[in-house]
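What follows is the residue order along each chain.
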Amino acid sequence: MMTPEELERKKKKEEKAKEKELKKLKAAEKAAKFKQQQQSDSSSASKKKKNSSRRDASAVDDNPLDYEDPPTDFGQKKLLSAQMAKQYNPTVVEKSWYAWWEKSGYFVADANSSKPPFVIVLPPPNVTGALHIGHALTAAIEDTIIRFKRMSGFNALWVPGVDHAGIATQVVVEKKLMRDHHLTRHDLGREKFVTEVWKWKEEHGSTILKQLRRLGASLDWSRECFTMDDKRSRAVVEEFNRLYKEGLIYRDIRLINWDCTLRTAISDVEVDYVDIKERKLLTVPGNKEPVEFGVLTSFAYPLEGDLGEIVVATTRLETMLGDTAVAIHPEDPRYSHLHGKFAIHPFNGRKLPIICDAILVDRNFGTGAVKITPAHDPNDFDVGKRHDLEFINIFTDDGKINSLGSEFAGMPRFEAREAVKEALQKKGLYRGAKTNEMRLGLSSRSNDVVEPMIKPQWFVNCQSMAKQALEVAMDGEIPRLEFIPKQYLAEWKRWLENIRDWCISRQLWWGHRIPAWYVTLDDDEMKEIGSYHDHWVVARNEEDALAEASQKFSGKRFQMIQDPDVLDTWFSSGLFPLSVLGWPDDTDDLRAFYPTSVLETGHDILFFWVARMVMLGIKLGGDVPFRKVYLHPMIRDAHGRKMSKSLGNVVDPLEVINGVSLEGLHKRLEEGNLDPKELDVAKAGQKLDFPNGIAECGADALRFALVSYTAQSDKINLDILRVVGYRQWCNKLWNAVRFAMSKLDTDYTPPLTLPLEAMPLSCKWILSVLNKAIFKTVSAMNSLEFSDAASTVYSWWQYQFCDVFIEAIKPYFSGDGSSFAAERTSAQDTLWVCLDNGLRLLHPFMPFVTEELWQRLPPARGHTRKESIMVSEYPKVEDAWKNEEVEYEMDLIESTVKCLRSLRAKVLGKQKNERLPAFAFCLNEDISKVITSYQLEIFNPCNFIKYEGSFE
């Protein structure tokens, strides 16, 4: 009697024998069909000339109008041509769909939906801006993920908004006023100037949002906002008041970064530092001649009482006009005897005390003497040893020497530098200059050299908020805030651990006016605004401020004026994830959609914007504003250079989408503000990179290229030829679908289920690899690995569907129609399933072409299809499609085909049409059976190979 194990082995052996027998029968049937097809092919060869002449005749009879889309009313569903166009045309394909999507409400999220929320806030582009390639990258990535999530069953919300961009917008309008009317803002006055800015905003502010529509960005336009609209302005006032009441906002006289061109303070993170290794001439805004940097100049101060002199050195010679003292390290024996003595200022005669016990807290203060100037903050000195020194500014707001600068008053600072040097030489106090390595601070706003100045400003104490922002990213294995790529976590830590208080005052007219009022009492000795720190009142409006001032200064007569300064633009932008959802009100949107899901932005504003949103989100919203931060690379040109107008390598996304001639590129440069020399250089650069202009690529190709590029580290070297390549691939996709549609009869109706077991190998195989592609794509998208997802979808369409499957099923549709009837039906059903799933798989990346092609597919039998592909379901893994054995067999077949094609090419050379016999020598019996069973799948791709015997 057999044991259970032996019975099981016997059973498996019998099943395997039956399976082999079944394969032999199928192989025999295929061989018979194959011979029948060969006979059919030989008879049909004589018909080719007749068929060709018939095609020529039918081509004449073709009605060109059948290939043209009928006109579609704006916002209506696109009317498609009776016949698919023979070639892909992005302009035609991408027309009409977006307006219909938007009007149909497909972009709108429902705060009361039971679906899980997925929320992205669009980084608000500047109101001054036009679409640039960085915006296009942001839009492509964010629209890809939001379309994927929407199709995957999420209540997907993508919120659009525009930033008022205080400095940038004010500069644009000021230039326009000067150009058109020869007026400054001061000529108009604040109220009229702000009215002009609002007028400009209404005329030009929506430009970039219209351009985002051209890219296919499926933003919820019903929630569109502007950082200075009424709701957002009220939120900013509330933000300021709450932080002030908690003691996190304060006013102080401190050293700040001053932009002399824009005449405003800027924050620490708005200063770009340039390392200068040796003497270097730089162009400085407002200066006629280049200014030399990297020079350390020494000069002598004569000492009182004929005690000699003391030599100091500086990289900014003009600041000596405001010197207050000379500091000496207490451990320097050369000068310790001078403590308490005085140096005499050579130009104003002021006595400068020599101090030997004032250690600079945050400076590398070695031996020797250091002059104490307006560039030193009183807070730099050890509080316990601070001296009664007067720290004064010697510069006007526009960077000229003020009246305290004696004979140099009115000179621009860098002209004064040379004048002071000449004056010191005449007085015999100049002691030479030498090369000196230095870091030069430049304003990221104007490129002007930043001037450290002591001024009263409003500040945010960031210490406690920064600690919380650091903890949420570092806490535990699953932190509340995740960075992608993870490498930016180290930068996050470095920034927040070394954070300084944030100067939020800006001396502008366009922006959120600081909600603080200064109270001047009738009996105050000093009447200038800000003279007394305790005379400020912070409130939500003037009425509340007046009530608080009346209580604070009860019984006293006073006048009250609002602070003329505005808030840093980032102060309102930092509140954006909260304010766009209705904060500070307890709105349905805030309850449903906060915190948001992902922040996607460039790594260059990690601290500018991301850190501030996290700090303010935790403090005011009670939680992180988003769970993940995806930081995309910065775009460079094909040569790795930063894009710059002066180089002529700036890429306008709309020029890539629509195409542009070289002359058109030149015209854009000419309409800018480049000087003649820069214009010549820029035109030469364009001619080198785009000698024939830029071909029309369409939005789909540009989007796919940009998303595919995200695999590159922190920089993208954008080659327009790669975008052109994806446009050509769109044409291949179009033709593949056109071929497939030609094989579906006009009355074809796809089934709800597929009889997998009865299907031929090629059909089983394409479904199995489609299943894998779906799994990989969904996994990559959920991990925000967009390049991997794009590559997976592309590879399935290109290398498996087009290159293999379509070629493999062509024999089923040839001949007289009686051969391969069952296989033909399977191929039709599989074609439909592949097109339906493949187009839905591709849709988030290429929304226009996929919608157009999907709309041409017949709906499945007994199934009500969604109106649009964008609201249909994203493909899911089908376990029944998985077939590893079929994939293994197809791999063998593909390898055989490639080998035969290679051998054939070597033997025939250019004689491509000659038929040759082919033989396969297999390593073992199992491989031999596979090769023998699938002769048709091997012969068809290896065109014109004569069959001689079986494969052994």
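Thresholds, definitions, all that
- Residues numbered from 1 in each chain as written.
- Predicted model: local features only at pLDDT ≥ 70, side-chain atom pairs only at ≥ 80, totals over all residues.
- Heavy atoms only, no water.
- Helix = DSSP H or I, 4+ residues; strand = E, 2+ residues; numbered from the N terminus.
- Buried < 20%, exposed > 50% of the residue type's maximum accessible area, 1.4 Å probe, protein only.
- Contact = heavy atoms within 4.5 Å.
- Areas by Shrake-Rupley, 256 points an atom, 1.4 Å probe, with all protein chains shown as cover.
- Salt bridge = Lys/Arg side-chain N within 4 Å of Asp/Glu carboxyl O.
- Pairing = 2+ DSSP bridges.
- Axes fitted to C-alpha atoms, helices over the stretch in contact; angles between N-to-C directions.
- Disulfide = S-S within 2.5 Å.
- Core = buried A, V, L, I, M, F, W, Y, C linked by side-chain atoms within 4.5 Å.
- Polar contact = N/O pair within 3.5 Å; in protein donor to acceptor, adjacent residues only side chain to side chain.
- Parallel < 35°, antiparallel > 145°, perpendicular 65-115°, else oblique.
- Nonpolar A, V, L, I, M, F, W, Y, C, P; charged D, E, K, R; others polar.
- pLDDT = per-residue confidence, 0-100.
- Phe/Tyr/Trp six-rings, centres within 6.5 Å; stacked < 30°, edge-to-face > 60°.
- Lys NZ or Arg CZ within 6 Å of the ring centre and 35° of its normal.

A.B. asks: Residues and numbers for the overall build of the chain, please.
C.D. replies: Broken down by element type, the chain carries 30 helices and 31 strands. By residue count, 51% of the 952 residues in the chain fall in the buried class. Of the contacts made within the chain by residues no fewer than 6 positions apart, 75% connect residues no fewer than 24 positions apart. Only carbon and sulfur atoms are counted for the fraction: they give 50% of the accessible area of the chain, which is about 45700 Å².

A.B. asks: Provide a residue-level description of helix α22 (residues 698-708), including the pertinent values.
C.D. replies: Counting buried positions along α22 gives 11 out of 11 residues, so the element sits mostly inside the fold. Among the residues of α22, G698, A699, D700, A701, L702, R703, F704, A705, L706, V707 and S708 are the ones counted as buried.

A.B. asks: I'd love a proper account of helix α18 (residues 606-621), names of residues and values included.
C.D. replies: Because an α-helix completes one turn every 3.6 residues, residues spaced three or four positions apart along the sequence face the same direction. Most of α18 is tucked away: 14 of the 16 residues are buried. Count one or two residues on from α18 and you reach G622, which has phi positive near 80°.

A.B. asks: Residues and numbers for the pattern of salt bridges, please.
C.D. replies: Taken as a whole and judged by the stated rule, the model has 54 salt bridges. For the salt bridge of R506 with E270, the shortest nitrogen-to-oxygen distance reads 3.0 Å. You can see R506 sitting in strand β21 (residues 505-506) and its partner E270 sitting in the loop between β6 (264-266) and β7 (271-276), a full 236 residues away along the chain. E270 shares its class with R506; the two are buried. Salt-bridge contacts for K772 lead to E884; the nearest nitrogen and oxygen are separated by 3.8 Å. Within this pair, whereas K772 is found in helix α24 (residues 761-782), its partner E884 is found in helix α28 (residues 884-908), the two being separated by 112 residues in sequence. Judged by its relative accessible area of 35%, K772 is partly exposed. The class of E884 is partly exposed, set by a relative accessible area of 43%. Here the salt bridges share partners, and the residues they tie into one network are E270, R445, R506 and D568.

A.B. asks: Go over the pairing of strand β14 (residues 351-355), please, and point to the residues and values.
C.D. replies: Here strand β12 (residues 325-328) pairs with β14 via two bridges, running parallel. Directly across from V326, in β14, lies its bridge partner I354. Bridging between strand β13 (residues 342-344) and β14 involves three bridges; their strand directions are antiparallel. By the bridge assignment for β14, A343 is matched with L352.

A.B. asks: I'd like to hear about the sheet that holds strand β11 (residues 309-314), residue by residue, with values.
C.D. replies: Strands sit in the order β11-β10-β16 across an open sheet of three strands; the sheet is antiparallel. The open sheet has two edge strands, β11 and β16 (430-435), and neither has a second partner. Averaged over all pairs of adjacent strands, the angle between their axes in this sheet comes to 20°, without regard to strand direction. Sheet analysis places strand β10 (residues 295-302) next to β11, joined by six bridges and oriented antiparallel. Among the inter-strand pairings, F299 is bridged to a residue of β11, identified as V312.

A.B. asks: Requested: an account of the sheet that holds strand β23 (residues 536-538), with residues and values cited.
C.D. replies: The strand order β23-β22-β24 describes an open sheet built from three strands, whose pairing is antiparallel. Looking along the sheet, the strands with just one partner apiece sit at the ends: β23 and β24 (558-562). Recorded for the sheet is a direction-independent mean angle of 30° between the axes of neighbouring strands. Sheet analysis places strand β22 (residues 516-521) next to β24, joined by five bridges and oriented antiparallel. Looking across to β24, one finds that L521 is bridged to F558. Across the sheet, helix α14 (residues 542-552) lies against β22, β23 and β24, angled at about 145° from β24, the strand it touches most.

A.B. asks: Outline the state of the cysteines, supporting the account with residue identities and numerical values.
C.D. replies: If you walk through the whole model with that rule in mind, you get zero disulfides. For C763, which is in no disulfide, the shortest distance to another cysteine sulfur is to C834 and amounts to 8.1 Å. The class for C763 is buried, based on a relative accessible area of 0%.

A.B. asks: Break down the nonpolar core for me, citing the residues and quoting the values.
C.D. replies: Among the nonpolar cores identified, the biggest contains 150 residues, and L718, W797, F801 and F845 are the most heavily contacted of them. Residues in contact with F845, not counting those within four places in the same chain, are T144, D700, R703, F704, V707, M781, F786, A789, A790, V793 and Y874. In this structure, M465, A469, F483 and V629 belong to the second largest nonpolar core, which totals 66 residues.

A.B. asks: Mind laying out the side chain of N241, listing which residues take part and the relevant values?
C.D. replies: By the element assignment, N241 lies in helix α10 (residues 230-245). Residue class for N241 comes out buried when judged on its relative accessible area of 0%. Of the polar contacts made by the side chain of N241, one reaches the backbone oxygen of V237; its length is 2.8 Å. For N241, the contacting residues outside a window of four places in its chain are P515, V538, A539 and R540.

A.B. asks: Give a description of the packing of α28 against helix α29 (residues 925-933) that names residues and reports values.
C.D. replies: Look at α28 against α29: their axes get within 10 Å of each other, and the N-to-C directions meet at 75°. By the angle class used here, α28 and α29 are roughly perpendicular. On α29, the residues touching Y888, E889, L892 and T896 of α28 are I927, V930 and I931. Residues belonging to the contact of α28 with α29 are distributed by class as follows: five nonpolar, one polar and one charged.

A.B. asks: Kindly report on the packing of helix α6 (residues 166-181) against helix α8 (residues 190-204), identifying the contributing residues and their values.
C.D. replies: Two elements in contact, α6 and α8, have axes whose closest approach is 10 Å; the angle formed by their N-to-C orientations is 100°. Between α6 and α8, the angle is such that the two are roughly perpendicular. Contact residues: α6 offers T169, Q170, V172, V173, E174, K176 and L177, while α8 offers F193, E196, V197 and W200. Of the residues that constitute the contact of α6 with α8, the class distribution is six nonpolar, two polar and three charged.

A.B. asks: Just give me the short version of the environment of S708, but keep the residues and values in it.
C.D. replies: Examined against the element boundaries, S708 turns out to sit in helix α22. Judged by its relative accessible area of 8%, S708 is buried. Here the alpha-carbon distance between S708 and A790, two residues 82 residues apart in the chain, equals 6.0 Å. Here S708 is in contact with R722, Y726, S787 and A790, once residues within four sequence places are set aside.

A.B. asks: How would you sum up the confidence of the model for the chain? Please name residues and give values.
C.D. replies: Per-residue pLDDT for the chain has a mean of 87; in total, 87% of the residues score no lower than 70. Confidence over residues 359-367 falls short of pLDDT 50; this stretch has 23 contacts with residues more than four positions distant or in other chains. A low-confidence stretch, residues 943-952 stays under pLDDT 50, and its non-local contacts, those more than four residues away or across chains, total 34 contacts.

A.B. asks: So what about the packing of aromatic side chains? Which residues, and what values?
C.D. replies: The full count for this structure, using the stated rule, is 37 aromatic pairs. Judged by centre distance (6.2 Å) and plane angle (70°), the ring pair of Y98 and W101 falls under edge-to-face. Of this pair, Y98 and W101 both sit in helix α4 (residues 97-103), three residues apart, which is roughly one turn of that helix. With respect to class, Y98 is no different from W101; both count as buried. Site record: aromatic cluster; members linked through ring pairs are F240, Y244, W458, W502, Y518, W536 and F571. For R147, the ring lying beneath its charged end belongs to W101, and the centroid distance is 4.6 Å.

A.B. asks: Before we move on, can you summarise the environment of I869 with the specific residues and values?
C.D. replies: Assignment of secondary structure puts I869 in the loop between α27 (847-854) and α28. By relative accessible area, I869 is classed as buried at 0%. Each C-alpha atom, one on I869 and one on P844, is 9.9 Å from the other, the two residues being 25 residues apart in sequence. Every residue in contact with I869, bar those within four places of it in the chain, is listed here: M151, L839, R840, H843, T850, E851, W854 and Q855.

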